Amino acid sequence: MAVRPIWDDRLMEHLPYIDEHAVPTGASRDAVWSALMHVLHHKMTGATHFARLLGADPARGTPTFEGRPGETVPGFRVVDAEPGRRLTLQGRHHFSRYRLTFLLDDDRLRAQSHGAFPGPHGALYRAAVISSGGHRIITRGMLQQISKRARQAQRERP
């Protein structure tokens, strides 16, 4: 019996919109991009155990993370990147298929989320993560960390 691979790009094309969050950055695009790479790599690395529990693909991050297509952080794979402008991450696990896109505008950083939550377990997971407000809190917190780090880095540069 053939085992269907967890990762199938065809399943990721049409994911329903969930939400969008934004923060002002007060920093250059280069500083924001660098901060985005740092936060994703260093903060998400601790999520490996949780990603494995959910059966995430990918479950582990690549040793270095520069936002190139194919690179990973736990739960997400880079599928599209335009440094200084856009980073699109996708992933899936037992309860969801999802996409997170970071967009850098002139003075703000946005995060757009799309996802599908199939079946009764997916519906329960959506209620626990999205409807509870947990996703909003985590996403906004991540955006604020990135913005703060970018502003600090820019102030430290001569």
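Structure's up top.
About the thresholds
- Residues numbered from 1 in each chain as written.
- Predicted model: local features only at pLDDT ≥ 70, side-chain atom pairs only at ≥ 80, totals over all residues.
- Heavy atoms only, no water.
- Salt bridge = Lys/Arg side-chain N within 4 Å of Asp/Glu carboxyl O.
- Helix = DSSP H or I, 4+ residues; strand = E, 2+ residues; numbered from the N terminus.
- Buried < 20%, exposed > 50% of the residue type's maximum accessible area, 1.4 Å probe, protein only.

Trainee: Got a minute to help me understand the pattern of salt bridges in this structure?
Mentor: Oppositely charged side chains can form a pair if their charged atoms are brought close together. Scanning the model with the defined rule gives ten salt bridges in all. Its salt-bridge partner being Arg110, residue Glu20 comes within 3.2 Å of it at the nearest N-O pair. With Glu20 in strand β1 (residues 17-24) and Arg110 in strand β6 (residues 108-116), the pair connects residues that are 90 residues apart, well separated along the chain. Under the relative-accessibility criterion, Glu20 is labelled partly exposed at 30%. A salt bridge links Asp105 to Arg110; the shortest N-O distance between them is 2.8 Å. A relative accessible area of 22% places Asp105 in the partly exposed class. On the accessibility criterion, Arg110 (16% relative accessible area) is buried.

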